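A structural walkthrough
Okay, here's what each chain looks like letter by letter:
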Amino acid sequence: MAEKEIKQEKEKKPFPLTKWILVGLAAGIVLGVIFHYLVPASPIRDDIFVNGIFYFLGQGFIRLMQMLVVPLVFCSIVCGAASMGDVKTLGVVGVKTLVFYLCTTAVAVSVALGISNLINPGLGVDMASLVASDPSTLGSTSSNTTVVQTIMNIIPTNPVAALANGDMLCVIFFALFVGIIIALLGRHVDVVHRFFEQFNDIMMKMTQLVMYVAPIGVFALLARTFTNIGFDAFLPMIKYMGSVLIALAIQAFVVYMLLLAVFARLNPITFIRKFWSVMVFAFSTATSNATIPLNMETLDQRMGVDRKISSFTIPLGATINMDGTAIMQGCAVVFTAQLFGMQLGIVEYLTVIATATLASIGTAGVPSVGLITLSMVFNSIGLPLEGIALIMGIDRILDMCRTAVNITGDAVCTTIVAKQSHYMNVDVYNDPHAGLDLSEIRESA
Ligand code: ASP
C-alpha cells in the first residue's frame, strides 16, 4: 500500500510550477536590469511599468497570499490540535513527542536567527524607498512593548476582532483552544470537526490556485526591485539563500545528530545513511505530506521503530512540526529587517521565535505554504511584506531543502521517543542491511 503511494507520487510530474517560477524570476531580473541600466528614467518606464503594471501585479499577488493567511492558519491549527486527541491515548509518548516537536522548532528558529546575524544578508541595501508606508513607523507595533505585555497580548480579549485584524498570535491561541476542546468533546462535536477539516481542504485548494499565479507575481516583484536597485539586489539574495542553507545544514547534521546521540544513544551516521533516500524524496517533492508513507516505511523496516509509534508521530509531525520552515522564516525576518533598516531587539526576537514555532504548527505539509505563514511572522513584529518580494523568487529551491529538514525532524523525534519508550528494535537499527532487498544489499557491498 505504502509502496504504491510512493510510486504514484514519483510518477507525478515533478512540479512544472517550479520551472515557471524560475522563468518568472529570471525574466523579472533580466527586465529589471535592462530597465535600470539601459532605459533612461521616463514617465513610461517609471509610472506605467515600474509603479503601474509591476506594482499592480506584484502587490496583487502579495494581497492574494495575505488573503489566505488568517483562514488557512486558523483551520490548519484547529484541525492539528483536534487530531492531537490521540495524545490522550498515547499518554506519555504523545506528550513527549509534542514537547520534542516544539523544542526542536524553537531551537531551529534560534539557529536561523544566529546564523543570519552572522551573515547579515540584508545589510548594505536600502529597500525602505520601495515601501509605500513611512519606514520610520515600521516595527512600531512591538518595539515599545515589554516582554510581559507581549506574552499577555497573546490572549485575545475578543477573538473575532483578532481574526478580523489578523492578530496572529491571538488567532493561534484561540485556534489551539478550539482544537483542543474539539478533541476533548470527541464525537459529540463531530460535525464541527468535519466542518473545519473540509474548510481546511478548501483553503489548501485555494492556496494551490493562488500559487499558479506565482510566476507572474515573482516576475513583477523582481522586475520592480531590480529596476530600482539594479545588481545591488543580487548579493543580498545570495547571502539570504546561503544563511538559510547553512542553518538547515546545522539543524539536520548537528542538532538532530546530537539529539540522537544524547537522548537515544544511537549512532547518528547510521541514521543518515538509512534516512538519506527519504530526504531526497522530500527534497524532490517539496511536500512533507507525500513523504509520510516512505518515512514510516523506512523507520519501520530499516530503523526498527515500531509502527505503533510512527503511525501517530509521523503524520502529526508532517502537520505540525516544520523545523526547516521555521528556519527559513527566522532568516527571512533578519534579512528583511536589515533590508529596511529596522533594529530588532530582544522582544522582537522572542516574538519571532514564538510566532515561527507556532507558524510551524499552522504550516501544512505541501509546497509553498511556509511562504504564506511567513507573512504572519512578519506581521507579528511589523515588518513590511514587500520584503517577501526578493525571497519569493528563490523560495521554491529553498522549499525543497527545508522540506527535507522538516521530515528529518519528525523522524529523529520519533526515533528518540521510540527508543526511550522501548518501542524500538535496536538490532534492526544497527544492521546496515535491514530492510534492503537482495539486489540493494549486493549494490551496497
Ligand atoms: N513544503 C513544506 C513542507 O511540505 C512546507 C513549507 O515550508 O512550505 O514541509
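Residues numbered from 1 in each chain as written. Predicted model: local features only at pLDDT ≥ 70, side-chain atom pairs only at ≥ 80, totals over all residues. Heavy atoms only, no water.

A few words now on the side chain of Ser-375. Considering the arrangement of structural elements, one finds Ser-375 in helix α18 (residues 369–380). Setting aside chain neighbours within four positions, we find Ser-375 in contact with Val-69, Leu-385 and Ile-388. (Helix = DSSP H or I, 4+ residues; strand = E, 2+ residues; numbered from the N terminus. Contact = heavy atoms within 4.5 Å.)

Tyr-240 and Phe-271 are the most contacted members of the largest nonpolar core, which totals 131 residues. Ranked by residues supplied to this core, first place goes to helix α19 (residues 388–420) with 17 residues. Leave out the neighbours within four places in its chain, and Phe-271 touches Met-257, Leu-260, Met-303, Thr-408, Ala-411, Val-412, Thr-415 and Tyr-429. Counting residues in each nonpolar core, the second largest holds five residues, with Phe-35, Val-50, Ala-220 and Ala-223 among its members. (Core = buried A, V, L, I, M, F, W, Y, C linked by side-chain atoms within 4.5 Å. Buried < 20%, exposed > 50% of the residue type's maximum accessible area, 1.4 Å probe, protein only.)

Moving on, we get to the site of the ligand. Within the structure, the ligand sits among 17 residues, and Ser-288, Thr-325, Gly-370, Asp-399 and Arg-402 are positioned closest to it. At 2.4 Å from an oxygen atom of the ligand is found a side-chain nitrogen or oxygen belonging to Ser-288. Within the backbone of Gly-365, one N or O atom sits 3.2 Å away from an oxygen atom of the ligand. For the ligand, whose accessible area on its own is 270 Å², the fraction buried by protein is 100%. Residue assignment for the shell around the ligand shows that the elements contributing at least two residues are α18 and α19. For the shell around the ligand, the element with the most residues is α19, which contributes four residues. Counted by class, the shell around the ligand contains six nonpolar, nine polar and two charged residues. (Near = heavy atom within 4 Å. Polar contact = N/O pair within 3.5 Å; in protein donor to acceptor, adjacent residues only side chain to side chain. Areas by Shrake-Rupley, 256 points an atom, 1.4 Å probe, with all protein chains shown as cover. Nonpolar A, V, L, I, M, F, W, Y, C, P; charged D, E, K, R; others polar.)

Looking now at the packing of helix α17 (residues 346–362) against α18. Close contact between α17 and α18 brings their axes to 9 Å; oriented N to C, the two are set at 155°. Classified by the angle their axes make, α17 and α18 are roughly antiparallel. For the pair α17 and α18, the crossing hand works out as right-handed. From α17, Thr-351, Val-352, Thr-355, Ala-356, Leu-358, Ala-359 and Gly-362 reach across to α18, where they touch Thr-373, Met-376, Val-377 and Ser-380. Classifying every residue of the contact of α17 with α18 by side-chain character gives six nonpolar, five polar and no charged. (Axes fitted to C-alpha atoms, helices over the stretch in contact; angles between N-to-C directions. Parallel < 35°, antiparallel > 145°, perpendicular 65-115°, else oblique. Left-handed = near helix turned anticlockwise from the far one by under 90°.)

Relative to the 40 Å expected for 28 residues at 1.5 Å per residue, helix α5 (residues 92–119) spans 40 Å between its end C-alpha atoms, a close match to the ideal helical length. In the stretch just after α5, Asn-120 is the one whose phi turns positive, near 50°. (Expected span 1.5 Å × (residues − 1).)

A word on helix α12 (residues 234–264). Taking 1.5 Å per residue as the helical rise, α12 with its 31 residues ought to reach 45 Å, and the 43 Å between its terminal C-alpha atoms agrees with that figure. Where α12 bends most, the angle comes to about 30°, and this point is Gln-251. (Bend = angle between axes of the 7 residues up to and from the residue.)

Across all of its chains, the model carries 15 aromatic pairs by this definition. Ring centres 5.3 Å apart and planes at 70° place the aromatic pair Phe-195 and Phe-196 in the edge-to-face group. Residue classification places Phe-195 among the partly exposed positions, given a relative accessible area of 48%. Ring geometry for Phe-226 and Phe-234: centres 5.4 Å apart, planes at 70°, overall edge-to-face. Accessibility expressed as a relative area gives 0% for Phe-226, which makes it buried. Aromatic ring contacts, followed pair by pair, group Phe-74, Phe-174, Phe-195, Phe-196 and Phe-199 into a single cluster. (Phe/Tyr/Trp six-rings, centres within 6.5 Å; stacked < 30°, edge-to-face > 60°.)

Its location among the elements puts Met-328 in helix α16 (residues 323–339). Take Met-328: its relative accessible area is 0%, and that puts it in the buried class. The residues touching Met-328, leaving out its near neighbours within four places in the chain, are Tyr-240, Val-244, Gly-370, Leu-371, Leu-374, Asp-395 and Arg-402.

This brings us to the confidence of the model for the protein. On average, the protein scores 84 in pLDDT, and the residues at 70 or more come to 88%. In the model of the protein, helix α6 (residues 140–143) stands out as the element of lowest mean pLDDT, 42, in contrast to α16, which has the highest, 95. Here residues 132–144 is a poorly scored stretch, pLDDT under 50, and it has 18 contacts once near neighbours within four places are set aside; other chains count. (pLDDT = per-residue confidence, 0-100.)

If you walk through the whole model with that rule in mind, you get five salt bridges. With its nearest N and O atoms 2.7 Å apart, the salt bridge here joins Glu-297 to Arg-307. One end of the pair, Glu-297, is in helix α14 (residues 288–301); the other, Arg-307, is in helix α15 (residues 307–320), with 10 residues separating them in the sequence. Here Glu-297 falls in the partly exposed class, since its relative accessible area comes to 22%. Put simply, Glu-297, Asp-300 and Arg-307 are held in one network by salt bridges that share partners. (Salt bridge = Lys/Arg side-chain N within 4 Å of Asp/Glu carboxyl O.)

What follows covers the environment of Ala-252. By secondary structure assignment, the location of Ala-252 is in helix α12. According to the relative accessible area criterion, Ala-252 is buried, its value standing at 3%. Separated by 157 residues in the primary sequence, Ala-252 and Gly-409 place their C-alpha atoms 7.6 Å from one another. The contacts of Ala-252, once residues within four sequence positions are left out, are Met-257 and Val-405.

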